[in-house]
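# Fold and contact review
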Amino acid sequence: MKAIIPTIIIISIVLLFCLEINSQELIQDGGFEEITFDKKDTSWYYNNWKSLLYHKKFKSNYGPKFSLYKKELLSQDTNKLLKDVLIDLKTGDTLEYTLRKAYNLLDFKRPYEGDSYLITPNISTKNLTQGKLFQTVNKDSFYRLSFVYKIQSDNIPPKKVEFVVANHIGLFFSEINLSDPKIIIGLRKMNVFLPLQFYINNFTYDKRNKWVPIVIDFKAEKDYKFIIIGNNDKLTDAIEVRPWKGIGCRFDNFSLKKISQSQAKYFYKPVENTEFSEPDNSEKVRSLVELPVVQNLKLKSYYEHIDKAENLIIDKKFKEALAEYCNAFDYKVPFFRDYMNAGKLITKYKVMDSLLIRKFLIASQKVSSNKHPLNEGIEYLQNQDTIFKTSYLDFFKVDPSLENISFAGKIDSTLIRKIYLMSESDQGSRNNRSGIKNADESNYDSILKLYKEYKEISELTIGSWPMENLKVMFLHFSRYENKEWIDLLQTEVMKGNFDNRTFASLVDSYIENNIESDVTKSYYLSNIGYAHHTKYCIPSIEKKLIDEVNKRRAEIYLDPVESQQRKQLYNFRNGFEDFMFYRFFSYDPMNPDSTISEAEAIEQEKEFIENLKMKYPVLKTFEKSKINYDIDFK
């Protein structure tokens, strides 16, 4: 028996359809009539409904908008048309009927009513479509939902079709906009079920290719703003049919209205269908609350606190910065770079707030183990400052409970060894100046296999240095056209396993290497800063473009372009050994081992800037000695 999803108390369902309820309609375009065709009428999309997965647009022969095809049918030779569709004029059928008959025979699937419907074509993957409600569905209120559906399938056994429909097709309500979307891409790649709240439970094989009505009454346990309709998993079995075929579903005439408790009387009960039992899905069947929404909202909160902390450091508000780091660590086990930056506030800037230090030490325990590479961070911080070492030991002496905090990860030494071997091949080919492409191609295939083989690859399973080795290899992959790794890492970013800051830089490196060398036309604008000796330069960028890029950055919880540039200026002014925020091109010929003179360094700098101006005529230039960290893009 499929468990009833706790987010909504289901009260009723029945095979009734046309019921008059005197309340406002809550679903926008429930008949899916408002669609837009491309200029050539070869594809179309819904205006008020957003596809969350593969099918953003549909081919014209799927057949919405009969009225748009009427003209096309009329333009054909009438006698030939009538002959082709075997219509005898003596029967007295109207031309309208004849046209509609031709419309259907020409593979234009006729909707239940009106000109269109919601389509989930015969596919082998999830396909979901989201609509926004006119008004919020309010917690504790009662509602009536009605619609019609039609199931179509290829040559699949009847019981299999019934099983798939009963277990995979339906709908759910959401308080969160899932069409804002890279999380849905990650969800697809993680092969996770969505927790449908209502399943199609009145289908039998004899109803195939027929419109079937449903009415559902329910009480909402939350406030909802969106309705999501479709199938939540694969709708075919490659063993039984060709992998690009499957089961399709059509939806039409959706209606959602508020009712009184006394009107609620159509009972819903999920169908028990175990004849075609599937493998245990305990790992992939998860609540929407956990994945991707809340998990990603936690990740979003983590990055927001990190951004605040880094900007507070720039403003020299070190205690407040440590507090923000500790707040971030409440949402996620820290990335090593963030953990180290927080530790430096204690060791270097003497933030001796006992409560904050205790919170930091708790985070330290979560990323520390005697056998874990991240333990190097604590050892480093202890060696940097005797006060920190004393505080660290004293806290554990005073508060033994800190010793019981379990390490958050599980080190995989075999995985680490595999990464180190690939790194040796990567660096060895470059040191020898031979076989670089062969090494990269081999490592590329091996890393993709690793991500399929291992459940998690993160700093908590391999440590910080092996992760740095991986990042370097991904940087080398960005020089080639193959971009499968981008989708892979995007999923890892949304799971919190891979740093979004590094990911953005890698994507932009790919674009600069393969598509457009102009950094101002990159996807995230993460590589636009250049520093040489005493000057830092940024190509001039229109504010409109900055705003567009910031929307893309927000999708992966990356701080705005303005904030990143502020931090890069801080690193340029103070050096990377202080705090590590962002990596960028920086070169100072006056390094400790250099024999170059100041005059020669300035001459080099002038030449560097002139070369930049050949590509970017307008540069924003900042002097190291008098930097204003706030950049105004206009």
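Owing to the predicted nature of the structure, the values given are computational and were not obtained by experimental measurement.

For helix α20 (residues 598-615), spanning 18 residues, the distance from its first C-alpha to its last is 26 Å, which sits close to the expected 26 Å at 1.5 Å a residue. For α20, the complete set of buried residues consists of A601, E605, F608, I609 and L612. Buried residues along α20 cover an arc of 95° about the axis, so they all sit on one side. Of the residues in α20, the exposed ones pointing more than 90 degrees away from the buried face are A599, E607 and M614. Those residues of α20 that are buried are in contact with β14 (530-532), β15 (535-539), β16 (585-587) and β17 (619-623).

Before going further, it helps to spend a moment on the side chain of S526. In this structure, S526 sits in the loop between α17 (500-514) and β14. A polar contact of 2.6 Å, which involves the side chain of S526, links it to the side chain of D508.

Turning our eyes to something else, we now look at the nonpolar core. Across soluble globular proteins, you tend to see nonpolar side chains buried next to one another. Formed by 93 residues in total, the largest nonpolar core has its most connected members in L470 and F474. Examining the composition of this core, we find that eight residues originate from one element, helix α6 (residues 289-314), more than from any other. Residues contacting F474, with those up to four places away along its chain left out, are I447, Y451, W485, L489, F498 and L506. In this structure, I27, W44, Y143 and I227 belong to the second largest nonpolar core, which totals 45 residues.

In total, this model carries 33 aromatic pairs according to the counting rule given. Between the aromatic rings of F147 and F254, the centroid separation amounts to 4.5 Å while the plane-to-plane angle is 10°, which identifies the pairing as stacked. Within this pair, whereas F147 is found in strand β8 (residues 142-153), its partner F254 is found in strand β13 (residues 247-259), the two being separated by 107 residues in sequence. As far as burial versus exposure is concerned, F147 and F254 are alike and both buried. Seen in terms of ring centroids, Y302 and F335 are 6.0 Å apart; in terms of plane orientation they differ by 70°. Their pairing is edge-to-face. Of this pair, Y302 sits in helix α6 while F335 sits in the loop between α7 (318-331) and α8 (336-347); the two residues are 33 residues apart in sequence, bridging distant segments of the chain. By relative accessible area, which is 4% here, F335 ends up buried. Ring pairs connect the aromatic residues Y444, Y451, F474, F477, W485, F498 and Y510, which therefore count as one cluster.

If you check helix α15 (residues 464-477), its first and last C-alpha atoms are 20 Å apart, about what 14 residues at 1.5 Å a residue would give, namely 20 Å. Listed as buried for α15 are S464, P466, M467, N469, L470, K471, M473, F474, H476 and F477.

Tracing the chain through its elements places S478 in the loop between α15 and α16 (484-495). Considering only alpha carbons, one finds S478 and S509, 31 residues apart in sequence, at a separation of 6.0 Å. Those residues in contact with S478, other than ones at most four positions away along the chain, are W485, L506, S509, Y510, N513 and N514.

Rules and cut-offs
- Residues numbered from 1 in each chain as written.
- Predicted model: local features only at pLDDT ≥ 70, side-chain atom pairs only at ≥ 80, totals over all residues.
- Heavy atoms only, no water.
- Helix = DSSP H or I, 4+ residues; strand = E, 2+ residues; numbered from the N terminus.
- Expected span 1.5 Å × (residues − 1).
- Buried < 20%, exposed > 50% of the residue type's maximum accessible area, 1.4 Å probe, protein only.
- Arc of directions from axis to C-beta.
- Contact = heavy atoms within 4.5 Å.
- Polar contact = N/O pair within 3.5 Å; in protein donor to acceptor, adjacent residues only side chain to side chain.
- Core = buried A, V, L, I, M, F, W, Y, C linked by side-chain atoms within 4.5 Å.
- Phe/Tyr/Trp six-rings, centres within 6.5 Å; stacked < 30°, edge-to-face > 60°.

Everything listed here is a matter of geometry and, on its own, says nothing about what the molecule does.
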